[in-house]
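Here is how the chains run, residue by residue.
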Amino acid sequence: MAAFLLRRLGFMILTLFLLSLIIFFAGQILPGDPGRAVLGPFAANSAVQALDHSLGVDKPLVTRYLSWLGGVVHGDFGKSYAYQSAVGPFVRAALINSIKLAALAFVIVVPLGIVGGVIAALYEGRTADRAISVTGLSLSSVPEFVSGIVLIVVFGVTLKVLPVTASAGAGAGVWSQFRHLILPAIPLVLVLFGYIARMARAGTIEALNSDYTRTATLKGLPEPTVIRRHVLRNSLLPTITVIATQTGYLIGGLVVVEVLFNYQGLGNLIYKAAIGKDFAMLEAGVLIIGVVYVVATLIADVLLTLLNPRLRIGGTE
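Residues numbered from 1 in each chain as written. Predicted model: local features only at pLDDT ≥ 70, side-chain atom pairs only at ≥ 80, totals over all residues. Heavy atoms only, no water.

Caption draft 1: View of helix α5 (residues 87-122). Over its 36 residues, α5 runs 50 Å from end to end, which matches the ideal 52 Å to within 8%, given 1.5 Å per residue. At Phe106, α5 shows its largest bend, some 25 degrees. (Helix = DSSP H or I, 4+ residues; strand = E, 2+ residues; numbered from the N terminus. Expected span 1.5 Å × (residues − 1). Bend = angle between axes of the 7 residues up to and from the residue.)

Caption draft 2: The arrangement of the packing of helix α7 (residues 144-158) against helix α8 (residues 174-208) in detail. Where α7 contacts α8, the axes come no closer than 9 Å and their chain directions differ by 140 degrees. Looking at the two axes, α7 sits oblique to α8. Pair α7 / α8 crosses with right-handed handedness. Residues Glu144, Ser147, Gly148, Leu151, Ile152 and Phe155 of α7 lie in contact with α8, whose contacting residues are Leu183, Ile186, Pro187, Leu190 and Val191. Residues of the contact of α7 with α8, tallied by class, amount to 8 nonpolar, 2 polar and 1 charged. (Axes fitted to C-alpha atoms, helices over the stretch in contact; angles between N-to-C directions. Parallel < 35°, antiparallel > 145°, perpendicular 65-115°, else oblique. Left-handed = near helix turned anticlockwise from the far one by under 90°. Contact = heavy atoms within 4.5 Å. Nonpolar A, V, L, I, M, F, W, Y, C, P; charged D, E, K, R; others polar.)

Caption draft 3: The arrangement of a nonpolar patch on the surface in detail. Among the surface-exposed residues, Phe145, Val146, Ile149, Val150, Val153, Val154, Phe155, Leu159, Val161 and Val256 lie close enough to one another that they form a single nonpolar patch of about 770 Å² accessible area. If you trace the backbone, Val146 turns up in helix α7. (Patch = residues over 30% accessible without salt bridge, like charges linked within 9 Å, V, L, I, M, F, W, Y side chains within 5 Å. Areas by Shrake-Rupley, 256 points an atom, 1.4 Å probe, with all protein chains shown as cover. Salt bridge = Lys/Arg side-chain N within 4 Å of Asp/Glu carboxyl O.)

Caption draft 4: How the structure looks around the packing of aromatic side chains. The tally for this structure, following the rule as stated, stands at 7 aromatic pairs. With a centroid separation of 4.7 Å and 20 degrees between ring planes, the pair formed by Tyr83 and Phe90 is classed as stacked. The exposure class of Phe90 is partly exposed, given its relative accessible area of 29%. Every member of this aromatic cluster is reached through a ring pair, and the members are Phe24, Phe25, Tyr65 and Trp68. (Phe/Tyr/Trp six-rings, centres within 6.5 Å; stacked < 30°, edge-to-face > 60°. Buried < 20%, exposed > 50% of the residue type's maximum accessible area, 1.4 Å probe, protein only.)

Caption draft 5: Quick peek at the nonpolar core. In terms of nonpolar packing, the biggest core is built from 58 residues, with Val91, Leu101, Val109 and Leu266 touching the most fellow members. The biggest single contributor to this core is α5, with 14 residues. Aside from chain neighbours lying at most four places away, what touches Val109 is Val189, Leu192, Phe193 and Ile196. (Core = buried A, V, L, I, M, F, W, Y, C linked by side-chain atoms within 4.5 Å.)

Caption draft 6: How the structure looks around the pattern of salt bridges. As enumerated under the stated definition, the model contains 2 salt bridges in all. Among the ionic pairs, Asp129 bridges to Arg201, the shortest N-O distance being 2.8 Å. In this pair, Asp129 is assigned in helix α6 (residues 127-140) and Arg201 in helix α8, connecting sequence segments 72 residues apart. The exposure class of Arg201 is partly exposed, given its relative accessible area of 23%. Between Asp211 and Arg214 there is a salt bridge, with the nearest N and O atoms lying 3.0 Å from each other. With Asp211 and Arg214 both in helix α9 (residues 211-218) and 3 residues apart, this pair spans about one turn of that helix. Residue class for Arg214 comes out partly exposed when judged on its relative accessible area of 42%.

See the structure below:
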């Protein structure tokens, strides 16, 4: 297990290094001048050049990357061009907000998707299977901004039972935060339900047709016991991978939902940084998403090896 973890950690560090290269150099080739974006279109060229010099954007590209990478390693993501202050506090606050929204969506969609997929597999080919599969596929094809607008119109404007903004304000209680977050969380639940349900269904069907399930059934074990002890343990393995890969999307891919509901999360922060040519903020936000993604993948790998020792044994050979 130690050798497996060391290999995964090595791949994780290499992935983050390559990601840092891509993020930094992609940010530098984006069109736009940070000095001009900060001072506005009517500022004098001399003032723009002076600001670019103070920001260090006129230095050689390699020098800027090494300086930026050295700061990132020590927890310093640089200075925001737009706010003229450290990027770190902005990214941390946005990340916490995105984690709240993603956690609420996960708490709803993960058990709902797993239960739906298992029920569909147990009734394969029947009405329940078709209803869950078609519903999940249909919901996954609806863009978040469409379902979000419908939810705002129905529950926020017409019925007026839920707030149309996701931010509850500083010092808000748990119930108040829940009321503000439930509406933007629903579009995420609708999109992810189909993916998780399909993977849970496929894994359950494979486990039901396996030799160990047939053996347990022939031994006379009750069907609920067979499903609980033998089927679910193995059927959820591919589902864990899907959940891990969707973590990065939930943390950083919430741009549409966060902008639509005026929520100050990481996706909204990256969107505003890209619009304002705030490359330091943009690079920090995207890198944080990469870190969340690789950490979630590492956790999923560890869970998979704990649930299926054959993967661990194969990984050490």
